[in-house]
Amino acid sequence: MTEPVVVGLLGITHPHASARVRALREIDGVQVVAAADDDPRLKYFTDKYDLAPVATDELLADERITAVMVHSKSKDMVPLALRVLDAGKAVLVEKPGGAALADIRQLAAAAQAPGAIVQVGYNVRFAESVTRARQLLDQGLIGDVVSVSARGAPLVGEHLTQHLNQPADMGGALWIIGCHMLDVLLSIYGCPDSVNARVRKYPRLSDASSREDAAAVILTYPERQIVFDFDVHDRLEWFESSRVAFHGTGGLLEIGILPQSVRVHLPEARDGWSAGWTTWEASRFTTPFARTEQNRFSELPELDNIDFFRPEMRRFVDSIRTGAPVAVPVTEALGVALVVDACYRSESDRGADTPLADPV
C-alpha cells in the first residue's frame, strides 16, 4: 500500500506554488490540503485549488500534514522552514532558499539534524534535456569537456517586479532567476574554485527601482572554464533562450531548456550515434509559460507549464516515503549562493578573480 503523504503550503504568491500543487496531485496517495499566507489572494488560491485557508500556526500544528512547501518572500523562507522542521515535518523551500548567503548557511546547518528532510526548489535540473546531457557527458560521448558556455534570461520586464526587488535579497535577477541555470551547471560540475563577474545596471534600459540588467560570469575550475551570460531584456518566454553548450575534445553537445532539446555533433560515428548533427526536441509548449495575462509575472501565482515539477515532486515524495536521498539538498543550494555572492563581490572589484566564501 502506498504510504499517504499530506502536504500544506506556507506562502502562495510565488508562481511555483500552484505548479507544485498540481504536480503533487498527480502522485498516488498524495493530498494537498491547506495553505497559509497573509496575502489577500489566499482566498483566490485556496478556492481555485480546493485547499483550506488557514493560519500558519494552525497548519504547523495539523498532525495530518507530513510535509510543507514554503513559497514565501525570500527573507521569510528560512524562518518558516525552521518552524516546519521543529514541527517534525519534511520541507521543500522554494529556490534560492533564502534572501542571502547567511540564510542558506543557517538552513544547511538545520538540515543536518537526524531525520530532517529539506529539499530546495531548483526544478530546472529535472528537465529531460539536462538529464540526457548528464548521461551523455558521463558516458564520455563528446570526450573530455574543455569549456562550457551557458545562457539564461527571464522574460523582459520581470526584473521590474517586486519579486526581483525584495529589499532583503542580496541581489536581483541574477540571484532570483539566474540561480536556476547556475544550479544546472553546478549540479553537473560542482562548485568552481573562483569567479570573475561583471554584474551591470544600465540606466538607459531600466530605472533605479530595479537591480541588475545583465551579468557576465566566468566560473573557473581546475579542468575547464564555464562562461554564463545572463540578462533581463530577452523578448522570449522564460527559459526559451536558455542554452548550455559543452565543447569536448570529441564533439559538441548543446541543450535547450524550453522547449527541451539536445543537439550532438560528432566528427565520426560512435556509440550508436551518427557523424554530424543529431537533434532531439520535445514537443513545444504552445501556450505562454505564465497561465494568464493577469498572472504574467512573479507576484502572481500561476504557471501553465509544469514539466519540470513532476519529477521534482516525485523525488520529494520518495524521500519522505522511502528515505531516498534528497534530490536537491541545501548544500547544493548553498553552492549556488556562494557563486552568486562571489559574483557580486567580483563586480565590486571590477571583475577581479574572486574565490568563493567559506561554506560555513
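The structure this text deals with has already been given above.
So, how was this worked out
Residues numbered from 1 in each chain as written. Predicted model: local features only at pLDDT ≥ 70, side-chain atom pairs only at ≥ 80, totals over all residues. Heavy atoms only, no water. Helix = DSSP H or I, 4+ residues; strand = E, 2+ residues; numbered from the N terminus. Buried < 20%, exposed > 50% of the residue type's maximum accessible area, 1.4 Å probe, protein only. Core = buried A, V, L, I, M, F, W, Y, C linked by side-chain atoms within 4.5 Å. Pairing = 2+ DSSP bridges. Phe/Tyr/Trp six-rings, centres within 6.5 Å; stacked < 30°, edge-to-face > 60°. Lys NZ or Arg CZ within 6 Å of the ring centre and 35° of its normal. Contact = heavy atoms within 4.5 Å. Axes fitted to C-alpha atoms, helices over the stretch in contact; angles between N-to-C directions. Salt bridge = Lys/Arg side-chain N within 4 Å of Asp/Glu carboxyl O. Parallel < 35°, antiparallel > 145°, perpendicular 65-115°, else oblique. Left-handed = near helix turned anticlockwise from the far one by under 90°. Nonpolar A, V, L, I, M, F, W, Y, C, P; charged D, E, K, R; others polar.

Colleague: Honestly, the environment of Q119 in this entry has me stumped. Any pointers?
Modeller: Position of Q119 relative to the elements: it lies in strand β6 (residues 118-121). The exposure class of Q119 is buried, given its relative accessible area of 0%.

Colleague: What am I meant to see in the nonpolar core here?
Modeller: Side chains of a nonpolar character, in soluble globular proteins, are inclined to be buried together. With 91 residues, the main nonpolar core has L10, V195, L219, F246 and L253 as its most contacted residues. Here the element with the most residues in this core is helix α10 (residues 330-348); it accounts for 11 residues. A23, I27, I306 and I320 belong to the second-largest nonpolar core, a separate cluster that totals 29 residues.

Colleague: Looking at this structure, I do not really get the sheet that holds strand β7 (residues 145-152). What am I missing?
Modeller: The strands making up a sheet associate through backbone hydrogen bonding, with each pair oriented either parallel or antiparallel. Overall, mixed pairing links the 9 strands, which are arranged β14-β13-β12-β11-β7-β10-β9-β8-β15 in an open sheet. The open sheet has two free edges, formed respectively by β14 (276-281) and β15 (354-355), since each of these has just one partner strand. With 6 bridges connecting them, β7 and strand β10 (residues 225-231) associate as parallel partners. What sits directly across from A150, in β10, is F228.

Colleague: Can you help me understand the pairing of strand β12 (residues 251-256) in this one?
Modeller: In terms of residue burial, β12 counts as a mostly covered element, since 5 of its 6 residues are buried. Two strands pair when backbone bridges link them, and strand β11 (residues 243-248) and β12 are joined in this way by 6 bridges, in the antiparallel orientation. Paired with V244 across the bridge in β12 is I255. Two successive antiparallel strands, β11 and β12, enclose a turn made up of 2 residues. Relative to strand β13 (residues 261-266), β12 runs antiparallel, the two being bridged by 5 bridges. Within the sheet, the bridge partner assigned to I255 lies in β13 and is V262. In this structure, the hairpin formed by β12 and β13 is closed by a connection of 4 residues.

Colleague: Would you explain the packing of aromatic side chains in this entry?
Modeller: Given two aromatic rings, their pairing is described by the distance between the two centres and the angle made by the two planes. Applying the stated criterion to the full structure yields 4 aromatic pairs. Each ring, one from F45 and one from Y49, has its centre 5.0 Å from the other, and the planes form 45 degrees; the classification is tilted. When sorted by exposure, F45 lands in the same class as Y49, which is buried. On the numbers, 6.0 Å between centres and 40 degrees between planes, the contact of F228 with F230 is tilted. Chaining the aromatic ring pairs together yields one cluster made of Y189, Y221 and F246. Positioned above the aromatic ring of W277 is the side chain of R263, whose terminal nitrogen or guanidinium carbon lies 3.8 Å from the ring centre.

Colleague: Explanation requested: the environment of A87 in the structure shown.
Modeller: Within the secondary structure, A87 sits in the loop between α4 (74-86) and β5 (90-94). Residue class for A87 comes out partly exposed when judged on its relative accessible area of 33%. Distance in space between the C-alpha atoms of A87 and R270 is 54 Å, their sequence separation being 183 residues.

Colleague: Would you take a moment to explain the sheet that holds β6 for this structure?
Modeller: Spatially, the 6 strands line up as an open sheet ordered β3-β2-β1-β4-β5-β6, and their pairing is parallel. Two strands lie at the open edges of the sheet, namely β3 (52-53) and β6, each paired on one side alone. Contacts from α4 reach β1 (5-10), β4 (67-70), β5 and β6, with the element oriented near 170 degrees to β5.

Colleague: Honestly, the pattern of salt bridges in this entry has me stumped. Any pointers?
Modeller: Pairs can form between side chains of opposite charge whenever their charged atoms are close. Under the criterion given, the structure shown has 22 salt bridges. Note that K43 is salt-bridged to D47, the shortest N-O span being 2.6 Å. Taken together, the residues K43 and D47, both in helix α2 (residues 42-48) and 4 residues apart, mark about one turn of the helix. Judged by relative accessible area, which is 51%, D47 ranks as exposed. Between E347 and R198 there is a salt bridge, and its shortest N-O distance comes to 2.7 Å. Taken as a pair, E347 in helix α10 and R198 in strand β8 (residues 194-200) lie far apart in primary sequence, 149 residues in all.

Colleague: Mind showing me how you'd approach the packing of helix α5 (residues 101-111) against α10 here?
Modeller: Two quantities define a packed helix pair, namely the angle between the axes and the distance from one axis to the other. It is at 9 Å that the axes of α5 and α10 come closest, and there the two elements cross at 160 degrees. The pairing of α5 with α10 is recorded here as roughly antiparallel in orientation. The chirality of how α5 crosses α10 is left-handed. Together, L101, I104, R105, L107, A108 and A111 of α5 and V330, A333, L334, A337, L338 and D341 of α10 make up the contact between the two elements. For the contact of α5 with α10, a count of residues per class yields 10 nonpolar, no polar and 2 charged.

Without other data, these values stay purely geometric and don't point to any function.
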